[in-house]
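Secondary and tertiary structure notes
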Amino acid sequence: SAANLIYCANFDEVFHATAAGTAQYGVVGMENSTEGVVARSLDLFLRSPVHVVGEVSLLVRHNLLRQSNSLQDIDVVLAHPQALAQCQQWLSQHAPQLKRQAVSSNAEAARLAASDPSLAAIAGDPAQLAYGLQVVAEQVQDDAHNRTRFVLIGTYECQPTGNDLTSLVFSVDNQPGAVYRLLEPLARHGVSMNRFESRPARKGTWEYHFYIDISGHSSDAKVVKALEELKETAAFYKKLGSYPHSA
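Residues numbered from 1 in each chain as written. Predicted model: local features only at pLDDT ≥ 70, side-chain atom pairs only at ≥ 80, totals over all residues. Heavy atoms only, no water.

A word on the sheet that holds strand β8 (residues 134–137)
By way of backbone hydrogen bonds, the strands of a sheet pair with one another, either parallel or antiparallel. Spatially, β6-β5-β7-β4-β8 is the arrangement adopted by the five strands of the open sheet, whose pairing is mixed. Pairing within the sheet leaves two strands with one partner each, and these edge strands are β6 (99–102) and β8. Strand after strand, the sheet turns through a mean of 35° between neighbouring axes, direction not considered. Where strand β5 (residues 76–79) lies against strand β7 (residues 119–123), three bridges are found, and the strand directions are parallel. Following the sheet pairing, Val76 is matched in β7 by Leu119. Each of β4 (63–66), β5 and β7 is contacted by helix α5 (residues 106–113), which is oriented at about 150° to β7, the strand it contacts most. (Pairing = 2+ DSSP bridges. Helix = DSSP H or I, 4+ residues; strand = E, 2+ residues; numbered from the N terminus. Axes fitted to C-alpha atoms, helices over the stretch in contact; angles between N-to-C directions. Contact = heavy atoms within 4.5 Å.)

Below you can see the structure in the form of structure tokens.
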């Protein structure tokens, strides 16, 4: 509550502001329990010098907001693309006539809806209060248990706490068994893998980067041994950070 907040138009600006020292920390979405990974965040980690220094998993409740509490005379519903995707079933059932338009954030959607009676926004309670909007419908997310995992980014590395995660990104040569050989040291040294994602390497050659989260800090003895072997096999390797596990 004591933090000085800097609002950024997109995740690119969050990474840039944190790397440049304009902000001490940045907060970006990493994955959602309904829609999966936030691809832009993963892509930005590849070329940014920042580290993951923390995480938090939040139960996300979306409301449909506008100047009045009626569905009548709404032309367009605005939200971040992830929020629109998380509410598509509700929108198709209750407001199929509405045009859906993606904007940079749910807060921006609420700001726009506050100035135009033909617009509605998908956003949470803080945005409703900040822009003086009315609730047309509560909890319009398709999954009642909808959660989003956010990560905190910074330019320093965290010390071990005894309950940590380490996030990595790597690629392998396109050979039979390459991914197995890369991950095998984790199992052999007793390091648990919590998440595994792939993203195109954007080289136009059907190559991929793999993102994983493993239990433990990169300075833990068994993690050190596993990662030393993993790096020998990887064609590309980058540690995104070791940080306290929120669970």
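Let's pick the thread back up.
Some points on the pattern of salt bridges
Tallying each qualifying case throughout the model produces 12 salt bridges. Salt-bridge contacts for Arg195 lead to Glu31; the nearest nitrogen and oxygen are separated by 3.8 Å. On the criterion of sequence distance, the pair formed by Arg195 in strand β11 (residues 193–200) and Glu31 in strand β1 (residues 26–32) is long-range, its members being 164 residues apart. Put simply, Glu184 and Arg188 hold a salt bridge, and the shortest N to O gap is 2.8 Å. On the criterion of helical spacing, the pair formed by Glu184 and Arg188 is a turn pair, its members being four residues apart in helix α7 (residues 178–188). For Arg188, a relative accessible area of 46% gives the class partly exposed. (Salt bridge = Lys/Arg side-chain N within 4 Å of Asp/Glu carboxyl O. Buried < 20%, exposed > 50% of the residue type's maximum accessible area, 1.4 Å probe, protein only.)

Any functional reading would require information that these geometric values do not contain.
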